[in-house]
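What follows is the residue order along each chain.
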Amino acid sequence: MKKIVTVVVILCVSWFIFSMITKPKIKNLNNAGSAIVAFGDSLTYGHGAAQGEDYPSKLAKKVSMPVINLGVSGDKSMDGLARMDAIWEHNPYMVLIEFGGNDRMQQTSFAQTLSAIEKIVDETQAHGAIAVIVDTGGPFMSQYTKAYKKMAKEKGAVFVPGILDGIMLDPKLKSDAVHPNAEGYSIVADRVYKAIEKYLKY
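Each chain carries its own residue numbering, running from 1 in the direction its sequence is written. The predicted origin of the model limits local features to residues at a pLDDT of at least 70 and limits the giving and counting of side-chain atom pairs to 80 or more, whereas totals for whole chains, interfaces and linings rest on all residues. Only hydrogens and water are set aside when side-chain values are computed; all heavy atoms of the structure are taken into account.

## Some points on the sheet that holds strand β1 (residues 35-40)
Here is step 1: The pairing criterion for strands is at least two bridges between them, as found by DSSP. By the criteria applied, helices consist of DSSP H or I runs no shorter than four residues and strands consist of E runs no shorter than two, each listed in order from the N terminus. Here five strands make up an open sheet; going across it, the order is β2-β1-β3-β4-β5 and the pairing parallel. Strand pairing shows two members of the sheet lacking a second neighbour, β2 (67-71) and β5 (158-160), which therefore form its edges. Geometrically, the sheet is characterised by an average inter-axis angle of 20° between neighbouring strands, direction not taken into account.
Here is step 2: As paired elements, β1 and β2 share five bridges and run parallel to each other. Its bridge partner being in β2, Val-37 is matched across the sheet by Ile-68. Simply put, an axis is a line fit to the C-alpha atoms, just over the touching stretch for a helix, and the angle between two N-to-C directions goes from 0 to 180 degrees.

See the structure below:
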């Protein structure tokens, strides 16, 4: 009996140590911020859906703090970098960083895009907020997905994978060739919430 108890204790301790080692270390957890800022392009703005049907509005119904939509249609990563000052007035606890689609479509240098995203992440963390890199996913963005995931791991940011996976190929979830409709944005909000839920304050 003693041997069984000893084995169980060893297994429990080993599991605890393993979980502590493998659990990603996210910078600025439980900071003093009071809002989630959704910072991105038309996918954040909610192009293709009525007011209140964008993913930040739907996300706001799932969390206990305000969600501020700072999405601007047509923005590339460099445009986002240039307007970051608008974020800080909202005292962000967490910033959802969603850029890259327009960079890809307008053939912005991949290196330039990554540099801009990295600076946005660094600036967010320097201001004491949690940085969340939101990956659009899809068949044409695999290079970005891999780079964003790697960046998030290296910088202690949260990574949200493939918010458009499956949506891009389902006309019932889209308002046009690129953007979701209200139903599609509900799926996006669910995916973002699933990725950030464990890092929220309640």
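## Concerning the confidence of the model for the protein
Here is step 1: Within a predicted model, pLDDT stands for the predictor's per-residue confidence, ranging from 0 to 100. Mean pLDDT over the protein: 91, with 88% of residues reaching 70 or higher.
Here is step 2: The low-confidence segment residues 5-23, where pLDDT is below 50, has zero contacts with residues more than four positions distant or belonging to other chains. Whether two residues are in contact is decided by their heavy atoms: any pair within 4.5 Å suffices.

## A short note on the pattern of salt bridges
Here is step 1: Salt bridges are defined as contacts in which a side-chain nitrogen from Lys or Arg sits within 4 Å of a carboxyl oxygen from Asp or Glu. Evaluated as defined, the whole model comprises seven salt bridges.
Here is step 2: A salt bridge links Lys-155 to Glu-118, with the nearest nitrogen and oxygen atoms 3.3 Å apart. Taken as a pair, Lys-155 in helix α8 (residues 142-155) and Glu-118 in helix α7 (residues 110-126) lie far apart in primary sequence, 37 residues in all.
Here is step 3: Only protein chains enter the area calculation, which uses a 1.4 Å probe; residues under 20% of their type maximum are buried, those over 50% are exposed, and those in between are partly exposed. A relative accessible area of 17% means that Lys-155 is categorised as buried.
Here is step 4: With a relative accessible area of 34%, Glu-118 lands in the partly exposed category.
Here is step 5: Here the residues in one salt-bridge network are Glu-118, Asp-122 and Lys-155, joined through shared partners.

## Considerations on the nonpolar core
Here is step 1: To qualify as a nonpolar core, a set must consist of buried Ala, Val, Leu, Ile, Met, Phe, Trp, Tyr and Cys residues joined through side-chain atoms within 4.5 Å. Of all hydrophobic cores here, the largest spans 29 residues; its most connected members are Ile-36, Tyr-55, Met-94, Leu-96, Val-132, Val-192 and Ile-196.
Here is step 2: When contributions to this core are tallied by element, the ones reaching two or more residues are β1, α3 (55-60), β3 (92-98), β4 (130-134), β5 and α9 (182-196).
Here is step 3: With six residues, α9 is the largest single contributor of residues to this core.
Here is step 4: Counting residues in hydrophobic clusters, the runner-up holds 24 residues, among them Met-84, Val-121, Ile-133 and Phe-159.

## Section: unusual backbone geometry
Here is step 1: The backbone phi angle of Asn-30 is positive, close to 55°, even though this residue is not glycine.
Here is step 2: In this fold, Asn-30 is placed in the loop between α1 (2-22) and β1.
Here is step 3: If you check the backbone angles, Asn-91 has positive phi at about 50° while not being a glycine.
Here is step 4: On the secondary structure map, Asn-91 appears in the loop between α5 (85-88) and β3.

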